[in-house]
Amino acid sequence: MDFSSFLTSLGTSFVIFVILMLLFTWLSRKPGNAVVYYPNRILKGLDPWDGRSRTRNPFAWIQEALSSTEQDVINMSGVDSAVYFVFLGTVLGILVLSGIVLLPVLLPVAATDKSVKISNNTSTGDVNDLDKLSMGNVVKKSPRLWAFLIATYWLSFVAYYLLWRAYTHVSLLRATALMSPNVKPEQFAVLVRDIPPVTEGQSRKEQVDSYFKSIYPETYYRSMIATDNREVNKIYGELEGYKKKLAHAEAVYAESKQMGKPEGSKPTTKTGFLGLIGKKVDSIEYYNEKINELIPKLEAEQKFTLREKQRAAALVFFTNRVTAASAAQSLHAQMVDTWTVDDASEPNQLIWANLKIKFFERQIRQYVVYFIVALTIFFYMIPIAFISALTTLDNLKNLLPFIKPVVNIGPIRTILEAYLPQIALIVFLALLPKLLLFLSKQEGIPSESHAVRAASGKYFYFIILNVFIGVMVGGTLFTTFKKIEKDPNSIVPLLANSIPGNATFFLTFVALKFFVGYGLELSRMVPLIIYHLKRKYLCKTEAELKEAWSPGDLGYATRIPGDMLIITIVLCYSVISPLIIPFGVVYFGLGWLILRNQALKVYVPSFESYGRMWPHIHTRILAALLLYQVTMLGYFGVKEFVYTPFLIPLPILSLLFGYVCHKKFYRSFSNTALEVACQELKEIPNMEHVFRSFVPPSLSSEKTEDDQFEDALSQVSRMGSLA
């Protein structure tokens, strides 16, 4: 990519961002759009335009985001959102403090070295003006390389300092949240798996109750045996679906009375596949019939599930938080594959289907999933490397000669060079997250938040290996294949010399992500259009309208790895091509502002893990830092700098820093400290309410007595004793 294409990309992206920001200012003031731009506030019963949200000033939202406190974020979106902003602020601080030194020192050092001319460029083959500001412009063995070596150390130590401060701060945030005097059901429960087989004449519930009563006689409350809920969930889903369809049909019928004849026109539906084929019937009567059929079927299946589909797992409840916290981190059985006890997650997070999976099966599943992910990474690297190489215009013209007349037109060529490779890469990556989340759940993970953390980790390593390394290596191999074929030993210097040239691609990639990506995030054009289309043509009931504007959460499974890719790119190029640092600062600065606005007004968290994702974020920032240090070590070696071994201590320091942080902080994230759990509550917990909060919706019934679990589960015992 030449300099004019780079400027075109940057300028166009900026113009798009400004347009989207102005659209946001205009659209967010309209009352009909409030549910799209302020759903979080509406769901909490707050005025959407409280304060200065309806002002004509297009920058008012920035002032509101800057003036908000961390406690405001916690109140509106939870501790996990606050921890995410600690991550953004920490990375922003690393880049700002590093840039203050690196930019004024390294840019003049690189630009004033006239002893070398860059001839290798991955995009056009021309001398790139941006490459003159990089470390690639410094001659081998030059004393000027000392400046770059010292800069490598400076950035590393800035990162160590800010990461330590962030870990300490997040630990305090987590402890403060867990010490809250408010009653949280998950703090009074533990998850028990790998329960041994039941002895003859004893029910599963009696087995669990007797085991934990003997260990915790004073504080044990009761247990809830896990069941296989697949069939009851299916019936419950059908019933709820028909209830929604009935409400929709009744709303259509009521509307027809107002719009046409007083008697109205009853809606009809077809009884076949998806309502498209089959006999045409009255919708209201048909749905009522289906509901009346399913209700007794659901009640029968609920009883059958509770009695006959018990599994070797349970939720165990205690009357105080300290006992639950202590039980979750204690070894209960001599053998580690029996009576495994862990913290309980929030009731709505539990993945019931995974609770029955045994200890060693979970281990095997984990390794199988890792193997599948490794294969996915490998096979994805091939098409991504191919796309990164193929979507350069020179390669496209060679492969598709008939497009030459089109791409040779100046404006078209400039736009295609500016956007084609980056858009192709972003679209290709959008296909992956759901697969990784599915694979994570197959490991036997018991909660949604844990599955999200696991999927986030897989996605991080995927995009680092495929996008960062794949694009850098793949593009170079594709353009220099003939040289490597003639001289295989030249592959290392060719790859090393291509690093500064690839900086232009990544500069454009980062710019596209923060200007266009965050512009779309702020303006919410796609959700706005979808909402108004659904409202006009599909929604007839309040429940359907609410579902249409439901905002979802921040999407940590993909958002955090995407941010990690940017920090990895920026760190690895920060010394080689310091001009990338301002782009990183803008990305994380804009992200902090825009996503803070979204957290306060838009997104609604789907779970709360009290910052348990932070150790994973910290580890991956360190992984990016380690990759940066290894990259610099290799690049200094290619530059034949005699003092390159001075960089060897840096990766060792990073590993040591990570080890110390893990030992000092991690345990308080994997378990709740007892000094945290022992804080007094403002009210005596209603243990029956705590227990009922964990009952799956498909097993709840208005007609069922309060002691449904006791009756259903103890009946097995009575039947055994009669035998």
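Note that the coordinates shown come from a computational prediction; the quantities given were computed from them, not determined experimentally.

Draft legend 1. A look at the overall build of the protein. Along its length, the protein carries 28 helices and six strands. Residue burial in the protein is summarised as follows: out of 723 residues, 51% are buried. Taking the intrachain contacts of the protein between residues at least 6 apart in sequence as the baseline, contacts between residues at least 24 apart amount to 81%. Accessible surface computed for the protein: about 33,500 Å², of which carbon and sulfur atoms make up 63%.

Draft legend 2. Highlighting the confidence of the model for the protein. Chain-level pLDDT for the protein is 83 on average; 82% of the residues reach the 70-or-more range. Note on residues 704-708: pLDDT under 50 across the span, and seven contacts to partners over four residues away in sequence or across chains.

Draft legend 3. Quick peek at the pattern of salt bridges. A complete count under the given rule lists 18 salt bridges for this structure. Connected through shared salt-bridge partners, Lys140, Lys141 and Glu640 make up one network.

Draft legend 4. How the structure looks around a nonpolar patch on the surface. Where nonpolar side chains cluster on the molecular surface, the patch consists of Ile364, Val368, Phe371, Ile372, Leu375, Phe378 and Phe379 and spans about 690 Å² of accessible area. Within the element layout of this structure, Phe379 appears in helix H12 (residues 359-390).

Draft legend 5. A look at the packing of aromatic side chains. Within this structure, the stated rule accounts for 43 aromatic pairs. The interplanar angle of 70° and the centroid separation of 5.5 Å between the aromatic rings of Phe14 and Phe515 together place this pair among those described as edge-to-face. Pair noted here: Phe14 is in helix H1 (residues 3-27) and Phe515 is in helix H19 (residues 491-523), with a separation of 501 residues, a long-range link. Residue classification places Phe515 among the buried residues on the basis of a relative accessible area of 10%. Taking 5.7 Å as the distance between ring centres and 85° as the angle between the ring planes, the aromatic pair formed by Phe157 and Tyr160 counts as edge-to-face. Placement of the pair is Phe157 and Tyr160 together in helix H7 (residues 145-178), with a separation of three residues, close to one helical turn.

Draft legend 6. Layout of the packing of helix H4 (residues 60-67) against helix H23 (residues 580-601). Where H4 contacts H23, the two axes come as close as 9 Å, and the packing angle between them is 80°. Here H4 is positioned roughly perpendicular relative to H23, judged by the angle of their axes. Facing H4, whose interface residues are Trp61, Ile62, Glu64, Ala65 and Leu66, H23 presents Trp592, Leu593, Ile594, Arg596, Asn597 and Lys601. Its residues placed into classes, the contact of H4 with H23 shows seven nonpolar, one polar and three charged.

Draft legend 7. Representation of unusual backbone geometry in the model. Even without glycine at this site, Trp339 takes up a positive phi of about 50°. Within the fold, Trp339 resides in the loop between helix H11 (321-328) and strand S6 (340-343). Judged by relative accessible area, Trp339 falls into the buried class, the value being 8%. Despite not being glycine, Glu640 has its phi angle at roughly 55°, a positive value. Residue position: Glu640 is located in the loop between helix H24 (614-638) and helix H25 (649-670). Exposure remark for Glu640: the relative accessible area of 39% places this residue in the partly exposed category.

Draft legend 8. Structural view of the side chain of Ser171. Take Ser171: it is sitting in helix H7. Judged by its relative accessible area of 16%, Ser171 is buried. One polar contact links the side chain of Ser171 to the main-chain carbonyl oxygen of Tyr167, over a distance of 2.9 Å. Residues contacting Ser171, with those up to four places away along its chain left out, are Phe665 and Phe669.

Draft legend 9. Region of the structure containing the side chain of Gln629. When you line up the elements, Gln629 lands in helix H24. Judged by relative accessible area, Gln629 falls into the buried class, the value being 1%.

Draft legend 10. Just the sheet that holds strand S1 (residues 189-193), in detail. Reading across from one edge, S2-S5-S1-S6 is the order of the four strands in this open sheet, with antiparallel pairing throughout. Each edge of the open sheet carries a strand with a single partner, namely strand S2 (220-227) and S6. Adjacent strand axes in the sheet meet at a mean angle of 30° when their direction is disregarded. Two strands pair when backbone bridges link them, and S1 and strand S5 (residues 310-318) are joined in this way by five bridges, in the antiparallel orientation. Across the sheet, Leu191 pairs through a bridge with Leu315, a residue of S5.

Draft legend 11. Just the nonpolar core, in detail. Judged by nonpolar contacts, the single largest core of 133 residues is most densely connected at Tyr84, Phe87, Phe148, Phe514, Phe588, Trp614 and Phe636. Two domains each put at least three residues into this core: domain 1 (3-116 + 125-180 + 499-666) and domain 3 (359-443). Other than its neighbours up to four places away in sequence, Phe514 contacts Phe17, Gly519, Phe583, Val586, Tyr587 and Leu590. Formed by 33 residues, the second largest nonpolar core is a distinct cluster that contains Ala189, Ala226, Leu315 and Val695.

Draft legend 12. Broad picture of the packing of helix H22 (residues 556-574) against H24. Across the interface, H22 lies against H24 with an axial gap of 9 Å and an inter-helix angle of 25°. As judged from the angle between their axes, H22 and H24 are roughly parallel. Our pair here, H22 against H24, has a crossing hand that is right-handed. Counting all contacts with H22, which are made through Ile560, Met564, Thr568, Leu571, Cys572 and Ser574, the residues of H24 involved are Ile617, Arg620, Ile621, Ala624, Leu625, Leu627, Tyr628, Thr631 and Met632.

Draft legend 13. Highlighting the environment of Glu542. Relative to the elements of secondary structure, Glu542 occurs in helix H21 (residues 542-549). Residue class for Glu542 comes out exposed when judged on its relative accessible area of 64%. Sequence separation between Glu542 and Ala247 is 295 residues, and the spatial gap between their C-alpha atoms is 9.7 Å.

The rules behind each value
Residue positions within a chain follow its written sequence, with the count starting from 1. For a predicted model such as this one, the threshold for reporting local features is a pLDDT of at least 70, and the threshold for listing and counting side-chain atom pairs is 80 or more; totals across whole chains, interfaces and linings nevertheless cover every residue. With hydrogens and water set aside, each side-chain value is computed from the structure's full complement of heavy atoms. Helix and strand assignments follow DSSP, with helices taken as H or I runs no shorter than four residues and strands as E runs no shorter than two, numbered in order from the N terminus. The buried label applies to any residue whose accessible area, calculated with a 1.4 Å probe on protein chains only, is under 20% of its type's maximum; exposed applies above 50%, and partly exposed to all values in between. A contact between two residues is defined here by any heavy atoms of the two lying within 4.5 Å. The protein chains shown are the only cover counted for residues, whose accessible areas, like all others here, come from Shrake-Rupley with a 1.4 Å probe. The pLDDT value expresses, per residue, how confident the predictor is, ranging between 0 and 100. A pairing counts as a salt bridge when a side-chain nitrogen of Lys or Arg comes within 4 Å of a carboxyl oxygen of Asp or Glu. Patch rule: a residue counts if its relative accessible area is over 30% and it has no salt bridge; like charges are joined within 9 Å, and nonpolar side chains (Val, Leu, Ile, Met, Phe, Trp, Tyr) within 5 Å. Side-chain rings of Phe, Tyr and Trp (the six-membered ring for Trp) are treated as a pair once their centres are within 6.5 Å; stacked means planes under 30 degrees apart, edge-to-face means over 60, and tilted covers the remaining angles. Angular values range over 0 to 180 degrees, each being the angle between N-to-C directions of two axes fitted as lines to C-alpha atoms, with helices fitted over their stretch in contact. For classification, angles of less than 35 degrees are called roughly parallel, those exceeding 145 degrees roughly antiparallel, those between 65 and 115 degrees roughly perpendicular, and all remaining angles oblique. Each residue is assigned to one of three groups, with Ala, Val, Leu, Ile, Met, Phe, Trp, Tyr, Cys and Pro labelled nonpolar, Asp, Glu, Lys and Arg labelled charged, and all others, Gly among them, labelled polar. Identification of polar contacts relies on pairs of N or O atoms within 3.5 Å, with a donor-acceptor requirement for protein atoms, meaning one able to donate a hydrogen and the other able to accept it, and with residues adjacent in sequence counted only if both atoms are side-chain atoms. Paired strands, in this sense, are two strands between which DSSP finds at least two bridges. By convention a nonpolar core is built from buried Ala, Val, Leu, Ile, Met, Phe, Trp, Tyr and Cys residues, the set being connected through side-chain atoms within 4.5 Å. Where each domain begins and ends is defined by an automated method or by a domain database. Crossing handedness follows the turn of the near helix against the far one: under a right angle anticlockwise gives a left-handed crossing, and clockwise gives a right-handed one.

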